[in-house]
Amino acid sequence: MLGLPEDDNERWVHLKQRLLQRKKLVIVSIIVIVHLILFFSTNAFGYFKILIQPTGDKSICPIADSIGADWFPDDNSTIIEILQDEMFRLKSVEKLSRAVQVDTQIGDEHPNVPDAPEVWTKFEKFHKYLEKTFPIVYENLEVEKINTYGLLFTWKGKNASLKPLLLMAHQDTVPVQADTLKDWTYPPFEGHYDGEYIYGRGASDCKNVLVAILESLEILIGKNYTPERSIIVSFGFDEEANGRYGAEYLATQLEKKLGPNSIHAIIDEGPGLSVDALSNRIIATPATGEKGSLNLGVELTTPGGHSSMPPDHTSIGIVSELAYFLEQNPYGSDLSAENPMLKYLQCAAVHSDEVPTLSKKAILRAGFDKLAKSKVLEALTKNPVAKYVIKTTQALDVIRGGEKFNALPENVKLVINFRLNVESTPEQVKQKVLDYVLTVADKHNLGVTGFGKKIRKGDGKSGYFNVTSLHELPAAPVSPTEISAWDELAGTTRYVYENFVFPGLGYPIISAPVVMPANTDTAHYWNLTKNIYRYTPGFLSNAVKDTRIHSVDERLPFDNHLQLVSFLYEYLQVVSIHASDTKTK
Ligand SMILES: *[C@@H]1O[C@H](CO)[C@@H](O)[C@H](O)[C@H]1NC(C)=O
Ligand SMILES: *[C@@H]1O[C@H](CO)[C@@H](O)[C@H](O)[C@H]1NC(C)=O
Ligand SMILES: *[C@@H]1O[C@H](CO)[C@@H](O)[C@H](O)[C@H]1NC(C)=O
Ligand SMILES: *[C@@H]1O[C@H](CO)[C@@H](O)[C@H](O)[C@H]1NC(C)=O
Ligand SMILES: [Zn+2]
């Protein structure tokens, strides 16, 4: 038999085996590579990264030290009296109740004070009431009246080199709608107290804050206290109508007096303490951001004529087409690393065991990981309140046009109100709207003027759009949380709430920043400091049901008011001592 020698044959088998093994290895490698490609190019790797995200590091949201009595020479009898003494409570009820009794409603459109003094005289009554009720404040503090009804109090501190603290509130309230009067359980200007709640227009927005500030000042002055740091108080009178004549004048006056960036911190009305839905724990939520707002007008002018010989599309039809187009393209949600809502979620997540681990991991990565962010946004979009905070909203609020059944409408006007999230600018939204207008204009041969510039010529006979900006306010600059001004708020909150309001709670009350969906008077004060906190530190178990803010039966649990007075009493002292920066971190 002709064949390979024995050992050659063996070598041949060996070689075959090795080749086979190598082939196997190649196949296995290919499979691994394909899997790796799949893994990295699909979400699998993203999910894997979320899965291995550690959750033990709490430094992303440090808990402030409790700051209270050991910072200043004071026993705890005053705070206990404010929170628990029946006599103090009844006197305080009386003060707030009678403040509610003075009607200070204002509507949207008002002329300035010098132009129509008669419109504003109701505030004269309110000033008289304050002066009578808080004589100690009026006797001891410098009181200025700005644009007649803006109130500016200055309590000079001992150390002029420290920046003053500014407390704010507003004197005005939203109106009571006449056809809802019958629905009020107690008349809106009676200031009724039922033993638990105080009722009436302004009871929770925000005569409660205004009265609490004055009450806390009276207590401190009454104890011969003098702050290290000056304390300034400013009360506008048209916050519910953008603060044009109140806050704007007050802020201008302060900037003239003190210069830009001259305030330690501003505390104005805002959210307080509540139970966080994510962690099921009591949490304090000073707002460090405020959404922006933008009103755009879109006007379409077309030739008129008899409606027996109409064009295919009247100006009403064309504006409707644009309106449809706009609503088909809502704005997406975002949650950038700068957005206070992200910090809020992270604080709730790292300090609670109730947040599901996977959610925790996604929240911790959301600031820098696209997939994690999209998962968090998906969840937030299901929340009826949070969903408005994370996106720019668009509301087609006004449409006007058409005069007569048989005449073509020559002019149609649409007004769109936008509320801008922290991530978007008025410029971006204006450009987007203009793009839609241009698309519609192209289709109908219309001219377009956008924000004062002629953008499209049109055929000169079909008509033209005129897009204008009616009101513009960018989202507020986000206030910092890594500074002592924040620690003073968070630390005082812990001291007051953990020791006196909810003793035995069993966990520290963390403060986490949020974004206000609406604007406050602070929008006029940006030049004075970066440290603006919208914070009314009373506890509400349900912020909407407990206060019915702007609605029928507006009310406030009176405990909430006393908590605010006790907080301010402590906070003003904390800010004063902490101020000298001897004990900051
Ligand atoms: C557009 O509207 C603004 C504001 O009403 C007005 O001042 C301007 O003249 C209008 N422009 C055109 C081209 O109609
Ligand atoms: C209040 O002060 C008294 C006397 O110093 C002390 O015994 C008590 O524990 C304090 N209460 C709280 C809640 O801190
Ligand atoms: C803030 O400062 C800028 C720059 O000095 C000024 O133009 C602006 O009017 C000021 N804003 C307010 C609300 O006073
Ligand atoms: C005033 O405050 C400054 C800044 O904290 C501090 O350096 C200074 O010592 C204080 N002056 C007095 C008299 O306490
Ligand atoms: Zn308010």
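Residues numbered from 1 in each chain as written. Chains lettered and ligands numbered in written order. Predicted model: local features only at pLDDT ≥ 70, side-chain atom pairs only at ≥ 80, totals over all residues. Heavy atoms only, no water.

Visitor: Just checking my understanding: could you explain the coordination of the zinc ion (ligand 5) for this structure?
Guide: Six octahedral donors around a metal ideally subtend angles of 90 or 180 degrees, whereas four tetrahedral donors ideally subtend 109.5 degrees. Only His-170 (NE2), Asp-205 (OD), Glu-269 (OE) and Glu-269 (OE) from the protein reach the zinc ion (ligand 5) as donors, at distances of 1.9 to 2.6 Å. In this structure, the zinc ion (ligand 5) is coordinated by 4 donor atoms arranged in irregular fashion, with angles at the metal of 54 to 150 degrees. Here the donor residues of the zinc ion (ligand 5) share one chain and are spaced in sequence as H-x34-D-x63-E. Of this pair, His-170 sits in strand 3 (residues 165-170) while Glu-269 sits in the loop between strand 6 (265-268) and strand 7 (273-275), and the two are 99 residues apart along the sequence. (Donors = N, O, S within 2.8 Å, 3.2 Å for Na, K, Ca; no water. Tetrahedral: all angles 85-135°; square planar, octahedral: opposite > 155°, others 65-115°. Helix = DSSP H or I, 4+ residues; strand = E, 2+ residues; numbered from the N terminus.)

Visitor: Quick question: what am I supposed to make of the site of ligand 3 here?
Guide: As a matter of local geometry, ligand 3 sits amid Glu-255, His-524 and Asn-527. One nitrogen or oxygen atom from the side chain of Asn-527 is found 2.3 Å from an oxygen atom belonging to ligand 3. Considering ligand 3 on its own, with 360 Å² of exposed area, one finds that the protein chains cover 33% of that surface. (Near = heavy atom within 4 Å. Polar contact = N/O pair within 3.5 Å; in protein donor to acceptor, adjacent residues only side chain to side chain. Areas by Shrake-Rupley, 256 points an atom, 1.4 Å probe, with all protein chains shown as cover.)

Visitor: What's the story with the domain arrangement of the chain in this structure? I'm lost.
Guide: Accessible area lost during the coming together of the parts is what is often quoted as the interface size. Taken domain by domain, the chain comprises domain 1 (75-105 + 143-288 + 477-577) and domain 2 (292-331 + 392-473). Distance from the C-alpha centre of domain 1 to the C-alpha centre of domain 2: 41 Å. Between domain 1 and domain 2, the buried area comes to about 430 Å², and carbon and sulfur atoms account for 66% of it. Counting across the domain 1 and domain 2 interface gives 0 salt bridges. Residue composition of the side of domain 1 that touches domain 2, by class: 6 nonpolar, 2 polar and no charged. (Domains from an automatic or database assignment. Buried area = accessible area lost by both parts, 1.4 Å probe. Salt bridge = Lys/Arg side-chain N within 4 Å of Asp/Glu carboxyl O. Nonpolar A, V, L, I, M, F, W, Y, C, P; charged D, E, K, R; others polar.)

Visitor: What exactly am I supposed to notice about empty space enclosed by the protein here?
Guide: Where empty space is left in the structure can be found by rolling a water-sized probe over the atoms. Under the definition given, this model contains 2 cavities of 30 Å³ or more. Roughly 70 Å³ of volume is contained in the largest cavity. Taken together, Leu-167, Met-168, Val-209, Ile-213, Ile-267, Asp-268, Glu-269, Tyr-535, Thr-536, Pro-537, Leu-564 and Leu-568 form the lining of the largest cavity. Of all the elements in the fold, those that place two or more residues in the lining of the largest cavity are strand 3, helix 8 (207-222), strand 6 and helix 18 (558-578). Across the lining of the largest cavity, the residue classes break down as 9 nonpolar, 1 polar and 2 charged. A volume near 50 Å³ is recorded for the second largest cavity. Forming the boundary of the second largest cavity are Ser-279, Arg-281, Ile-282, Ile-283, Ala-348, His-351, Ser-352, Tyr-507, Pro-508 and Ile-510. A class-by-class count of the residues in the lining of the second largest cavity yields 6 nonpolar, 3 polar and 1 charged. (1 Å grid on protein atoms, 1.4 Å probe; cavity = no way out; pocket = protein on both sides within 12 Å on 5 of 7 lines; lining within 4 Å. Points joined across faces, edges and corners; volume = space filled by probe spheres on them.)

Visitor: What exactly am I supposed to notice about the site of ligand 1 here?
Guide: With respect to spatial proximity, the complete set of residues near ligand 1 consists of Thr-449, Tyr-464, Asn-466 and Thr-468. Contact with the protein chains hides 37% of the accessible area of ligand 1, taken as 360 Å² for the molecule alone. Considering each element in turn, the shell around ligand 1 owes the most residues, 3 residues, to strand 15 (residues 464-473).

Visitor: Explain the state of the cysteines to me, please; I cannot follow it from the model alone.
Guide: By definition, a disulfide links the sulfur atoms of two cysteine residues through a covalent bond. Under the definition given, this model contains 1 disulfide. One disulfide in the model links Cys-61 with Cys-347; its S-S distance is 2.1 Å. Residues Cys-61 and Cys-347 share a disulfide whose torsion about the S-S bond is about 100 degrees; that sign makes it right-handed. Highlighted residues: Cys-61 in the loop between helix 2 (43-51) and helix 3 (77-84) and Cys-347 in helix 11 (residues 340-350), separated in sequence by 286 residues. You can call Cys-347 buried: its relative accessible area is 1%. (Disulfide = S-S within 2.5 Å. Buried < 20%, exposed > 50% of the residue type's maximum accessible area, 1.4 Å probe, protein only.)

Visitor: Would you explain the sheet that holds strand 16 (residues 510-511) in this entry?
Guide: Remark on secondary structure: sheet strands pair via backbone hydrogen bonds, oriented parallel or antiparallel. The sheet built from 3 strands is open, its strands ordered 7-8-16 with mixed pairing. Taken across any chain shown, the strands that pair with only one partner, and hence form the sheet edges, are strand 7 and strand 16. In terms of strand pairing, strand 7 meets strand 8 (residues 282-284) through 3 bridges, oriented antiparallel. Across the sheet, Val-275 pairs through a bridge with Ile-282, a residue of strand 8. (Pairing = 2+ DSSP bridges.)

Visitor: Sorry, what's going on with helix 9 (residues 247-258) here?
Guide: Residues lying three or four places apart along an α-helix face the same way, a consequence of the helix completing one turn every 3.6 residues. When the terminal C-alpha atoms of helix 9 are compared, their 16 Å separation across 12 residues agrees well with the 16 Å that a helix rising 1.5 Å per residue should span. All of the buried residues in helix 9 are Ala-247, Leu-250, Ala-251, Gln-253 and Leu-254. Viewed along the axis of helix 9, the buried residues span an arc of 160 degrees, placing them on a single side of the element. Looking at the buried residues of helix 9, the elements they touch are strand 1 (142-146), strand 2 (150-155), strand 3 and strand 5 (231-236). At the C-terminal side of helix 9, Gly-259 shows a positive phi close to 90 degrees. (Expected span 1.5 Å × (residues − 1). Arc of directions from axis to C-beta. Contact = heavy atoms within 4.5 Å.)

Visitor: Would you mind showing me how to read the packing of helix 4 (residues 86-101) against helix 8 here?
Guide: Where helix 4 meets helix 8, the closest approach of the two axes is 10 Å, and the angle between their N-to-C directions is 135 degrees. With respect to their mutual orientation, helix 4 and helix 8 come out oblique. Considering the relative orientation of helix 4 and helix 8, their crossing is right-handed. Of the residues in helix 8, those touching helix 4 at Phe-88, Ser-92, Lys-95, Leu-96, Ala-99 and Val-100 are Lys-207, Asn-208, Val-211, Glu-215 and Ile-219. Counted by class, the contact of helix 4 with helix 8 contains 6 nonpolar, 2 polar and 3 charged residues. (Axes fitted to C-alpha atoms, helices over the stretch in contact; angles between N-to-C directions. Parallel < 35°, antiparallel > 145°, perpendicular 65-115°, else oblique. Left-handed = near helix turned anticlockwise from the far one by under 90°.)

Visitor: What's the story with the sheet that holds strand 10 (residues 292-301) in this structure? I'm lost.
Guide: The sheet built from 6 strands is open, its strands ordered 11-12-10-15-13-14 with mixed pairing. One side of each edge strand has no neighbouring strand; the edge strands of this open sheet are strand 11 (393-401) and strand 14 (453-456). Each strand of the sheet is rotated relative to its neighbour by a mean of 20 degrees, with strand direction disregarded. Alignment of strand 10 against strand 12 (residues 411-420), held across 10 bridges, turns out to be antiparallel. The residue bridging Asn-295 from the neighbouring strand is Asn-417, located in strand 12. Contacting strand 10, strand 11, strand 12 and strand 15, helix 10 (residues 315-328) crosses the sheet at an angle of about 15 degrees to strand 12.

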